[in-house]
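# Inside the fold
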Amino acid sequence: MSSPAMMLRRFCCFSTAVSPSTSSSSSAPTAKKKPLVFLGSPQVSATVLDALFNASSSPDSPFEVAAIVTQPPARRNRGKKIMPSPVAQHALNRGFSPELILTPERAGEDSFLYTLRALNPDICITAAYGNILPSKFLKIPPLGTVNIHPSLLPLYRGAAPVQRAIQDGVKETGVSLAFTVRALDAGPVIASQRWEVDDRIKAPDLLDLLFSEGSKLLIRELPSLLDGSAQAKAKPQDETKATLAPKITPEESWLCFNEEAVTLHNKVRAFAGWPGTRAKFAVMDKENGKQNVIELKIITTRVCSEIRSEGGEVDGLSFANGALLVPCGGGTVLEVLEVQLPGKKVVNAAAFWNGLRGQTLKKL
């Protein structure tokens, strides 16, 4: 039978030579240290991994990062180059052994599960890993699998909790530490941290903040997780209060100005980064009456607190105080502060308005 080391190499997608002296967790493990496996993929997960690396480097740390599981290398930078996931790259930069970075296509693969069992982890920690964990996986770590979820569970279970919370205009959200079960984000909650949401923050920024807070929460709760007492204190979720946060689709990115300005403003903030929000406008030439339809990506907005679209041209846009003023439903007005034409850079509203050179703008 193949040795565990040989099995690990089959999953290794990187060949970077690493000196043991540069590794954050490559010092010889002691008998007291419990092996922990971390699962994560995007850049926000690297915050959690950093916290674990730093905590495990302490001489009296009760655990070590035994392996990292992440998404396989994929084409990034507009598909020009195959690159490791942000978490894998961050781990390599920290000097973590490439042989201990596992990249299965699916977490239910028999060969991957064999390797995981060979590592004999006491606990697994997940943070935006992006793969479904089957029952066979969840049965391996005796202390369980714990997930950092950026919402106050049972609210906003699913793939897009931060985006959907902002879209709903919530004033408060948070991050939860919960045991992973087969049902979606439905495991007992170990601890949570609340976070006030202002009306300007965008989803990528809030996501960063919540995972940063989640990292602190994880490190605080690690002693109880490692001694098993967290399983006793974790509280079941109230299923009657559960809400879902389904995955965002590109088709949702279009703005409809029949909706009120606050609804559109929240959508712009929620969909910032990806997929963004878009709208089509007509550029009218006063001299010849010709109309040219353009598509704009709406980058930054705010809700106008004073101006109201009452009477006059209901479809025409105006410019004031550094913003494009777009009439919306319910007599409200959306102030558009930054826009982007296809293939162009993001510009402020003043630069875009000056570029119209006297032409008028109407919403479609």
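Remember, it's a predicted structure, so these values are computed and weren't measured experimentally.

Rules used throughout
- Residues numbered from 1 in each chain as written.
- Predicted model: local features only at pLDDT ≥ 70, side-chain atom pairs only at ≥ 80, totals over all residues.
- Heavy atoms only, no water.
- Salt bridge = Lys/Arg side-chain N within 4 Å of Asp/Glu carboxyl O.
- Helix = DSSP H or I, 4+ residues; strand = E, 2+ residues; numbered from the N terminus.
- Contact = heavy atoms within 4.5 Å.
- Buried < 20%, exposed > 50% of the residue type's maximum accessible area, 1.4 Å probe, protein only.
- Axes fitted to C-alpha atoms, helices over the stretch in contact; angles between N-to-C directions.
- Left-handed = near helix turned anticlockwise from the far one by under 90°.
- 1 Å grid on protein atoms, 1.4 Å probe; cavity = no way out; pocket = protein on both sides within 12 Å on 5 of 7 lines; lining within 4 Å.
- Points joined across faces, edges and corners; volume = space filled by probe spheres on them.
- Nonpolar A, V, L, I, M, F, W, Y, C, P; charged D, E, K, R; others polar.
- pLDDT = per-residue confidence, 0-100.
- Phe/Tyr/Trp six-rings, centres within 6.5 Å; stacked < 30°, edge-to-face > 60°.
- Core = buried A, V, L, I, M, F, W, Y, C linked by side-chain atoms within 4.5 Å.
- Parallel < 35°, antiparallel > 145°, perpendicular 65-115°, else oblique.

### A closer look at the pattern of salt bridges
All chains considered together, the criterion is met by 9 salt bridges. Where E295 meets R278, a salt bridge forms, and the shortest distance between an N and an O atom there is 3.7 Å. One end of the pair, E295, is in strand β11 (residues 291-303); the other, R278, is in strand β10 (residues 277-284), and 17 residues separate them in sequence. The salt bridge partner of E335 is R302, with a shortest N-O separation of 2.3 Å. A residue pair is termed long-range when its members are at least 10 positions apart, and E335 in strand β14 (residues 333-340) and R302 in strand β11 qualify at 33 residues. One salt-bridge network, held together by shared partners, links R220, E221 and K233.

### Notes on the side chain of S85
Its location among the elements puts S85 in the loop between β4 (81-83) and α3 (86-93). Excluding its chain neighbours within four sequence positions, the residues that come into contact with S85 are S41, T70, Q71 and R76.

### What about the side chain of S151?
Structurally, S151 can be placed in the loop between β7 (145-149) and α6 (161-167). According to the relative accessible area criterion, S151 is buried, its value standing at 0%. Aside from chain neighbours lying at most four places away, what touches S151 is Y156, P161, T173, G174, V175 and S176.

### Overview of the packing of helix α2 (residues 43-56) against α3
It is at 8 Å that the axes of α2 and α3 come closest, and there the two elements cross at 35 degrees. When you trace α2 past α3, the crossing you get is right-handed. Across the interface between the two elements, Q43, S45, A46, L49, D50 and F53 from α2 touch P86, V87, H90 and A91 from α3.

### Quick look at the layout of surface pockets
Approximately 1,400 Å³ is the volume attributed to the largest pocket. The wall of the largest pocket is formed by 43 residues, among which A128, Y129, G130, G158 and A159 lie closest to the centre. Sorting the residues of the lining of the largest pocket by element identifies β7, α6, β8 (172-179) and α7 (203-227) as the ones contributing at least two each. Class assignment for the residues of the lining of the largest pocket results in 26 nonpolar, 12 polar and 5 charged.

### Thoughts on the confidence of the model for the protein
Looking at the protein as a whole, its pLDDT mean stands at 90, while 89% of the residues score no less than 70. The model gives residues 1-30 a pLDDT under 50, and that stretch makes 53 contacts with residues more than four places away or in other chains.

### What about the environment of T249?
Checked against the element boundaries, T249 lands in the loop between α8 (229-233) and α9 (261-270). In this structure T249 comes out as partly exposed when scored by relative accessible area, which is 31%. Separated by 25 residues in the primary sequence, T249 and W274 place their C-alpha atoms 9.3 Å from one another.

### Description of the packing of aromatic side chains
One pair of aromatic rings is described through two measures. These are the centre distance and the angle between the planes. Tallied over the entire structure, the rule returns 4 aromatic pairs. For the pair F112 and F137, a centre-to-centre distance of 6.3 Å together with 15 degrees between the ring planes defines the contact as stacked. A residue pair is termed long-range when its members are at least 10 positions apart, and F112 in helix α4 (residues 110-119) and F137 in helix α5 (residues 135-138) qualify at 25 residues. An identical accessibility class is assigned to F112 and F137; each is buried. With a centroid separation of 5.8 Å and an interplanar angle of 15 degrees, the aromatic rings of F319 and W353 are classed as stacked. Pair noted here: F319 is in strand β12 (residues 318-320) and W353 is in helix α10 (residues 349-355), with a separation of 34 residues, a long-range link. Under the relative-accessibility criterion, W353 is labelled partly exposed at 23%.

### A word on the nonpolar core
Side chains of nonpolar character tend, in soluble globular proteins, to be buried together. If you look at the biggest cluster of nonpolar residues, it comprises 35 residues, and the most contacted ones within it are F38, L52, I68, L218 and L225. Counting residues per element, this core draws most heavily on α7, at 6 residues. If sequence neighbours within four positions are ignored, L225 has contacts with I123, L143, V146, L177, F179, I190, L218 and A230. Judged by nonpolar contacts, the second largest core, of 22 residues, contains A261, I298, L317 and L356.

### Observations concerning α9
By the criterion of burial, α9 is predominantly enclosed, with 8 of the 10 residues buried. Those residues of α9 that fall on the buried side of the exposure criterion are A261, L264, H265, N266, K267, V268, R269 and A270. Contact partners of the buried residues in α9: α6, α7, β10, β11 and β14.

### A short note on the packing of α2 against α7
Look at α2 against α7: their axes get within 8 Å of each other, and the N-to-C directions meet at 25 degrees. When the interaxial angle is binned, α2 and α7 end up roughly parallel. Between α2 and α7 lies a crossing whose hand is right-handed. Seen from α2, the contacting residues are V44, T47, V48, A51, L52 and A55; seen from α7, they are L207, D208, F211, S212, S215, L218, I219 and L222. Of the residues assigned to the contact of α2 with α7, the class counts are 10 nonpolar, 3 polar and 1 charged.

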